[in-house]
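Residues per chain are reported as follows:
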Amino acid sequence: MKTALSIAGSDSSGGAGIQADIKTMTVNGVYAMSAVTALTAQNTTGVQGIFEVPPEFLAQQLDCVFTDIPPDAVKIGMVSSTGLIQVIAEKLRQYKAVNIVVDPVMVSTSGARLISADAVDALKRLLLPLATVLTPNIPETEVLSGMTVKTAADMERAAKAISDTYGCAVLCKGGHQLNDANDLLYRSGEARWFNGRRINNPNTHGTGCTLSSAIAANLAKGYGLDEAVERAKDYISEALGAMLNLGAGSGPMNHAFDLAGEFAKEARK
């Protein structure tokens with residue numbers, strides 16, 4: 001069985017972060033593992049607190065995973081400080097990690113800032129050059145490129161600038177009132193648009209985590225990047241289309257929409 005590792009923060013409400021990553025990787029057919037960068041106290045209405053793990057403990061988690069069950073792909077999500085970024089970069093190089101998907105999480109769906117200002121520089125310097133593909137949303141694309149992104153042409157220019165700077169592929173995600181559900185993959189001087197179907201669902205908590213984890217799972221299974229992105233977009237469309245409605249704020253999607261069987265059945269009344 002192929003394996004994938006999520007390096008990210010925990011979401012106590014289960015819709016994003018490590019919890020969403022594990023659900024997504026499992027449903028996409030790989031064995032999921034995790035290295036927790038932070039605990040968050042959050043629900044669908046917002047983030048109430050963040051408790052970051054010490055860099056030394058994150059290093060221990062990564063050593064345990066890589067020396068026992070080496071991952072076929074790695075997804076990196078919320079990393080809030082320079083010390084954690086330094087550890088991750090060091091361990092990825094040490095263990096020659098492959099298929100690295102970096103979701104440069106900076107702000108939560110509810111608007112809470114999830115990374116310190118100095119850590120953004122460390123992210124750019126140490127982690128992004130190791131990535132196979134980055135998956136920034138529009139605000140994150142603007143931070144990484146230093147450009148304002150208002151149009152599809154802006155997305156292409158910004159994605160090219162990021163790819164040229166860090167030497168990796170970039171999947172610039174639409175949304176945020178731009179290009180609806182259409183995403184742009186830029187790599188090796190070529191751009192390809194992936195048109196998605198817009199799902200009229202206000203519950204979008206964890207969409208970024210889910211997409212990047214699905215890409216990692218498909219890369220782990222041996223799909224090329226284009227097909228991994230296409231399959232990941234199909235998965236997230238179905239998960240949103242299941243129209244799960246939980247919580248008082250921006251709720252989670254149904255990561256397990258594709259599960260059906262004896263163990264998924266509700267108890268008989």
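Look up: the structure comes first, before these words.
Definitions and limits used
- Counting restarts for each chain: residues are numbered from 1 in the order of the written sequence.
- Local features in this predicted model are restricted to residues of pLDDT 70 or higher, and side-chain atom pairs are both shown and tallied only at a pLDDT of 80 or more, whereas totals for entire chains, interfaces and linings draw on every residue.
- Hydrogens and water molecules were not included; the side-chain quantities draw on all heavy atoms of the structure.
- Exposure categories follow from relative accessible area, calculated using a 1.4 Å probe and restricted to protein chains: below 20% of the type maximum is buried, above 50% is exposed, and the middle band is partly exposed.
- A run of H or I in DSSP counts as a helix once it spans at least four residues, and a run of E counts as a strand once it spans at least two, with each numbered from the N terminus.
- Working definition: the arc comes from the directions between the helix axis and the C-beta atoms, pointing outward to the latter.
- Any two residues having at least one pair of non-hydrogen atoms within 4.5 Å are treated as being in contact.
- A 3.5 Å cut-off defines polar contacts: any pair of N or O atoms within that distance qualifies, except that in protein one atom must be a possible hydrogen donor and the other a possible acceptor, and neighbouring residues in sequence count only when both atoms are side-chain atoms.
- Fitted lines through C-alpha atoms serve as axes, helices being fitted only where they are in contact, and the angles separating the N-to-C directions of these axes extend from 0 to 180 degrees.
- Each angle is binned into one of four classes, with values under 35 degrees roughly parallel, values over 145 roughly antiparallel, values of 65 to 115 roughly perpendicular, and all other values oblique.
- Each crossing gets its hand from how the near helix is turned against the far one by less than a right angle, where anticlockwise is left-handed and clockwise is right-handed.
- Throughout, the ten residues Ala, Val, Leu, Ile, Met, Phe, Trp, Tyr, Cys and Pro are labelled nonpolar, Asp, Glu, Lys and Arg are labelled charged, and all others, Gly among them, are labelled polar.
- By convention in these notes, a salt bridge is any Lys or Arg side-chain nitrogen within 4 Å of a carboxyl oxygen on Asp or Glu.
- Patch building starts from residues that exceed 30% relative accessible area and form no salt bridge, then joins like charges within 9 Å and nonpolar side chains (Val, Leu, Ile, Met, Phe, Trp, Tyr) within 5 Å.
- Computed with a 1.4 Å probe, the accessible areas rest on the Shrake-Rupley method; for each residue, only the protein chains presented here act as cover.
- The pairing criterion is simple: DSSP has to find at least two bridges between the two strands.
- We call Phe, Tyr and Trp rings a pair once their centres come within 6.5 Å, taking the six-membered ring for Trp, and we label the pair stacked below 30 degrees between planes, edge-to-face above 60, and tilted otherwise.

Quick word on helix α5 (residues 138-145)
Next up, step 1: Among the residues of α5, I138, E140, T141, L144 and S145 are the ones counted as buried. Buried residues of α5, viewed axially, fall in a sector of 155 degrees; they line one side.
Next up, step 2: Packing partners of the buried residues in α5 comprise α4 (117-127), α6 (152-166) and β7 (169-172).
Next up, step 3: Backbone nitrogen of E140 and a side-chain oxygen of the N-cap are separated by 2.9 Å at the start of α5; the cap is N137.
Next up, step 4: One or two positions beyond α5, positive phi appears at G146, with a value near 75 degrees.

Digging into the packing of helix α2 (residues 55-66) against helix α3 (residues 82-94)
Next up, step 1: Close contact between α2 and α3 brings their axes to 9 Å; oriented N to C, the two are set at 25 degrees. Looking at the two axes, α2 sits roughly parallel to α3. With respect to the hand of their crossing, α2 and α3 are arranged in right-handed fashion. Facing P55, L58, A59, L62, D63 and F66 of α2, the residues of α3 in contact are G83, L84, V87, I88, K91, L92 and Q94.
Next up, step 2: Taken together, the residues of the contact of α2 with α3 sort by class into nine nonpolar, two polar and two charged.

A look at the side chain of S237
Next up, step 1: Among the secondary structure elements, S237 is positioned in helix α8 (residues 225-241).
Next up, step 2: Ignoring anything within four residues of it in the chain, the contact list for S237 reads R197 and I199.

Some words on the pattern of salt bridges
Charged atoms that come close allow side chains of opposite charge to pair.
Next up, step 1: Considering all chains together, one arrives at ten salt bridges under this definition.
Next up, step 2: Among the ionic pairs, D121 bridges to R125, the shortest N-O distance being 3.3 Å. You can see D121 and its partner R125 sitting in helix α4, four residues apart, about one turn around the helix.
Next up, step 3: The partner of D183 in a salt bridge is K233, and the shortest N-O contact between them spans 3.0 Å. Remark: K233 occurs in helix α8 and D183 occurs in strand β8 (residues 183-187); sequence separation between them is 50 residues.
Next up, step 4: Residue classification places D183 among the buried residues on the basis of a relative accessible area of 6%.
Next up, step 5: Linked by salt bridges that have partners in common, R187, R192, D226 and E230 make up one network.

Observations concerning a nonpolar patch on the surface
Next up, step 1: A surface patch of nonpolar side chains, about 340 Å² in accessible area, is lined by M1, Y31 and I69.
Next up, step 2: Tracing the sequence through the fold places I69 in the loop between α2 and β4 (73-76).
Next up, step 3: Judged by its relative accessible area of 31%, I69 falls in the partly exposed class.

Side note on the sheet that holds strand β5 (residues 100-102)
Next up, step 1: Sheet architecture is open: nine strands sit in the order β3-β2-β1-β4-β5-β6-β7-β8-β9, paired in mixed fashion. Both outer strands of the open sheet, β3 (46-52) and β9 (190-194), are each paired with one neighbouring strand and no more.
Next up, step 2: By the bridge criterion, three bridges tie β7 to β8 in an arrangement that is antiparallel. Bridging from a neighbouring strand, C172 pairs with L184 of β8.

Some thoughts on the packing of aromatic side chains
Next up, step 1: Scanning the model with the defined rule gives two aromatic pairs in all.
Next up, step 2: Measuring from centroid to centroid gives 5.0 Å for F66 and Y95, while their planes differ by 0 degrees, and the two rings are stacked. A residue pair is termed long-range when its members are at least 10 positions apart, and F66 in helix α2 and Y95 in the loop between α3 and β5 qualify at 29 residues.
Next up, step 3: Classification of Y95 by relative accessible area gives partly exposed; the value is 23%.
Next up, step 4: Ring centres of Y235 and F257 lie 5.4 Å apart, and the angle between their planes is 40 degrees; on these two criteria the pair is classed as tilted. Of the two residues, Y235 sits in helix α8 while F257 sits in the segment after α8, which places them 22 residues apart along the sequence.
Next up, step 5: Owing to a relative accessible area of 6%, Y235 belongs among the buried residues under this scheme.
Next up, step 6: The partly exposed category is assigned to F257, whose relative accessible area is 28%.

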